[in-house]
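Residue-level structural notes
So the chains spell out like this:
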Amino acid sequence: QVQLVESGGGLVQAGGSLRLSCAASGSSFSINAMGWYRQAPGQQRELVATITSGGSTNYGDSVKGRFTSSRDNAKNTVSLQMNSLKPEDTAVYYCTAWVKVVGGMQWYNYWGQGTQFTVSS
């Protein structure tokens, strides 16, 4: 079993910056891609960023140029640096990872509990 725990949510003013982090814990697993999704009230969950184990990134259109994702493969962590924040960035942010048990064949998609992040205007 793998657990993903997010940290860093809170309240920030528009135009400010914030960094979210997510740590994966468990035993005997390997991680392929990690990433972030977000869900605002009444909205569908949408892609924020994904990053592969090799460091290739993909961003949602609404955050391109403002958000940057990075990861530390040795520590099984992924971070999201968010700059030039807007009120519409307000959402619950979820960490996700595609995980395989060492020796296994199947990749599974795990999700964190989510962290609330609010941008005030």
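Here goes a summary of the coordinates provided.

About the cut-offs
- Residues numbered from 1 in each chain as written.
- Predicted model: local features only at pLDDT ≥ 70, side-chain atom pairs only at ≥ 80, totals over all residues.
- Heavy atoms only, no water.
- Pairing = 2+ DSSP bridges.
- Helix = DSSP H or I, 4+ residues; strand = E, 2+ residues; numbered from the N terminus.
- Core = buried A, V, L, I, M, F, W, Y, C linked by side-chain atoms within 4.5 Å.
- Buried < 20%, exposed > 50% of the residue type's maximum accessible area, 1.4 Å probe, protein only.
- Contact = heavy atoms within 4.5 Å.
- Salt bridge = Lys/Arg side-chain N within 4 Å of Asp/Glu carboxyl O.

All right, on to the pairing of strand 4 (residues 29–39) then. Relative to strand 9 (residues 91–101), strand 4 runs antiparallel, the two being bridged by 9 bridges. Residue pairing in the sheet places Arg38 in a bridge with Tyr93 of strand 9. With 5 bridges connecting them, strand 4 and strand 5 (residues 46–51) associate as antiparallel partners. Residue pairing in the sheet places Trp36 in a bridge with Ala49 of strand 5. Hairpin connection of strand 4 to strand 5: 6 residues between the antiparallel strands, including Gly42 at a positive phi of 75°.

For the rest of this paragraph, the subject is the nonpolar core. Membership of the largest hydrophobic core comes to 28 residues, with the highest contact counts inside it found for Trp36, Leu80, Met82 and Tyr93. Of all elements in the fold, only strand 3 (18–25), strand 4, strand 5, strand 8 (77–82), strand 9 and strand 11 (115–120) reach the threshold of two or more residues within this core. With 5 residues, strand 9 is the largest single contributor of residues to this core. Discounting chain neighbours no more than four positions away, the residues touching Tyr93 are Glu6, Leu20, Trp36, Tyr37, Arg38, Val48, Phe67, Leu80, Met82, Gly114, Thr115 and Phe117.

Applying the stated criterion across every chain, the model contains 4 salt bridges. Residue Asp89 is joined to Arg38 by a salt bridge in which the shortest nitrogen-to-oxygen separation is 2.9 Å. A residue pair is termed long-range when its members are at least 10 positions apart, and Asp89 in the loop between strand 8 and strand 9 and Arg38 in strand 4 qualify at 51 residues. As far as burial versus exposure is concerned, Asp89 and Arg38 are alike and both buried. Here the salt bridges do not stand alone but share partners, grouping Arg38, Glu46, Arg66 and Asp89 into one network.

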